[in-house]
Amino acid sequence: AAASAEKDLVVIGGGPGGYVSAIKAAQLGLSVACVEGRGSLGGTCLNVGCIPSKGLAAYPAEGRLGSGVAGAALLNSSHKYVEAKSHFAAYGIKVGDVSYDFADIQKQKDTAVSGLTKGIEGLFKKNKVEYVKGWGKIAGPNEVEVAAADGSGSTTLRAKNILIATGSEVTPLPGVPIDEEKIVSSTGALALKSVPGEMVVIGAGYIGLEMGSVYARLGAKVTVVEFLDTVVPSMDSEVRRTFHRTLEKQGLKFKMGTKVTKGEVVNGRVQLTLEPAKGGPSEKLETDVCLVAIGRRPYTKGLGLEALGIKTDARGRVEVDSHFRTSVPSVYAIGDVIPGPMLAHKAEEDGVAAVEIMAGKHGHVNYATVPSICYTHPEVAYVGLTEDEAKAKGLSYKTGKFSFMANSRARAVGDTDGMVKFVADKATDKLLGVHIMGANAGEMIHEAVLALEYGASAEDIARTCHGHPTLSEAVKEAAMATAFGKPIHM
Ligand code: FAD
Ligand code: NAI
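Residues numbered from 1 in each chain as written. Chains lettered and ligands numbered in written order. Predicted model: local features only at pLDDT ≥ 70, side-chain atom pairs only at ≥ 80, totals over all residues.

Going by what an unreviewed UniProt entry lists, the chain is known as Dihydrolipoyl dehydrogenase and is assigned to Gonium pectorale. Its UniProt record gives the chain the following Catalytic activity (unreviewed entry) comment, quoted word for word: "N(6)-[(R)-dihydrolipoyl]-L-lysyl-[protein] + NAD(+) = N(6)-[(R)-lipoyl]-L-lysyl-[protein] + NADH + H(+)". (UniProt positions renumbered as here; feature names shortened; annotations may be inferred.)

Right under this line is the structure:
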């Protein structure tokens, strides 16, 4: 097919890494095309990840479940259901029998997703980014061959620079084949037609705990099977233990230190074989639906990396230097396909920095201040070092804590599970890490991210005026506990 005019940049992949890079590049004056094969923009995050799992917390004025406007997705809908069913009475609100229509919950999620993906198409038009629908292959250092998504042939795009933003895919578990109906990945779990009576989740990571929470709230008996002895190992161990107990109180069951060696569907039920991680006698477990959530791996299928000599590491991640450049100088890579946390906001930061560098500016990402947020209830959000990491590094540190039980806003709204914990340098008081478990922790963490980015001390936060009554006052109190040894309200 005819080659189109040369672009400054061709981005392969339209996920949060790729689409944000394309828009930023256009804003910096580069001519840019973005190649995406799945038929909609937004990547894993918008189509089958962050957005459908979480939903938008904000409702439009007339928004209600079933009203057809963008609103809730699964975590949000299921949380509101639990609130109405189990907590409204405590607020003095009387409702009759509370029930849900799962098809309506799914419809709401789909409406939110399609509205947002179309929104990105609009942003592309506004910023003059060319959207090329098809699967890209790097045919040379300055050439991307695109096989049209509708099978109508292929085009070759010429580019000064190429950006690989092809993201990641589900890591399969040997012996447990995914059919997306009975044995599902997160994609199948987001699209179940009904709420199963029983669900087994393999992996107590982000996906396992978020999707496990959704279905437990909607009435499924959920058992989480985890290889390690702890849930989400990257969390601060003190916070993590409290979090684990809270999830158990919500009805999730855990089988820790256990691996699944086999899974098959027999007469419509999933039969699993489990073994202690350290070895020992196996046991059987039967369930209606099994979710495999043991991690994600970089996706580079059909990209032509080998032919071009673009290096990948042992885990299949594209190797880049500190400027996001691969072993071929005109080819850059960002997001889930390179090393680092597999998070949408990290992919976006990578993308902005990479195109700034291409445009002759000084892009940079500080991986030490990328926040992690688990969107369960309560949420767990953290940034910087855990206490264990500070210890392992041999740092001389101190900690300070504050419980939401002692926060007036949390008490007033009856949502007191959780705490704020600071880790700071013992001698200088400089912040090393902040860990929050509590309602809205995912919003509250950003004051800590900013503080860490600015190299602030615990005392800086302790002396910053916080509005009353807010949950954020717990952050200030934990800062006081760290800087002065004592908070006011505990
Ligand atoms: P992706 O979003 O994977 O996008 C890559 C895109 O490239 C895809 O659309 C793919 O179709 C396309 N592509 C691949 N190869 C080609 C090719 N050759 N040609 C053309 N197109 C191609 N992260 C968070 O930060 N917060 C969350 O709450 C969160 N929740 C999640 C929930 C779930 C269930 C899952 C699965 C993930 C979640 N994540 C979350 C992770 C987040 O989705 C990823 O980190 C993020 O999407 C990575 O962005 P990316 O642009 O690197 O890749
Ligand atoms: P994960 O890495 O978060 O968790 C996987 C869990 O599975 C780990 O605890 C691991 O020990 C366990 N595991 C691995 N092999 C196992 C086995 N054979 N048997 C039992 N357990 C096993 O991966 P997950 O949950 O699949 O999510 C993938 C990625 O997507 C996350 O790492 C994260 O980057 C991203 N994500 C982010 C979210 C957020 O930011 N809120 C939400 C969902 C996903």
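After presenting the structure, the write-up continues.
Which residues make up the site of ligand 2, and what values do they have?
As a structural note, the neighbourhood of ligand 2 is formed by 25 residues, with G203, G205, Y206, I207 and M342 the closest of them. Only helix 7 (206-217), strand 11 (258-266) and strand 17 (372-374) provide two or more residues apiece to the shell around ligand 2. In terms of residue count, the dominant contributor to the shell around ligand 2 is helix 7 (4 residues). Residue composition of the shell around ligand 2, by class: 17 nonpolar, 4 polar and 4 charged. (Near = placed C-beta within 6 Å. Helix = DSSP H or I, 4+ residues; strand = E, 2+ residues; numbered from the N terminus. Nonpolar A, V, L, I, M, F, W, Y, C, P; charged D, E, K, R; others polar.)

If you had to explain the packing of helix 1 (residues 16-27) against helix 5 (residues 102-127) to someone new, which residues and values would you point to?
Between helix 1 and helix 5, whose axes approach to 9 Å, the crossing angle comes to 20°. Classed by the angle they form, the pair helix 1 and helix 5 counts as roughly parallel. Between helix 1 and helix 5 lies a crossing whose hand is left-handed. Every residue of helix 5 that contacts helix 1 at Y19, I23, A26 and Q27 is listed here: I120, L123 and N127. Each residue belonging to the contact of helix 1 with helix 5 can be placed in one class, and the counts come to 5 nonpolar, 2 polar and no charged. (Axes fitted to C-alpha atoms, helices over the stretch in contact; angles between N-to-C directions. Parallel < 35°, antiparallel > 145°, perpendicular 65-115°, else oblique. Left-handed = near helix turned anticlockwise from the far one by under 90°. Contact = placed C-beta atoms within 7 Å.)

Help me get a handle on the sheet that holds strand 17, residues and values and all.
In space, the 5 strands of this open sheet follow the order 17-18-21-20-19, with antiparallel pairing throughout. Because the sheet does not close on itself, it has two edges, and the strands there are strand 17 and strand 19 (397-403). Adjacent strand axes in the sheet meet at a mean angle of 10° when their direction is disregarded. Of the strands in this sheet, strand 17, strand 18 (379-384) and strand 21 (431-438) are in contact with helix 13 (residues 441-453), which crosses strand 18 at around 10°. (Pairing = 2+ DSSP bridges.)

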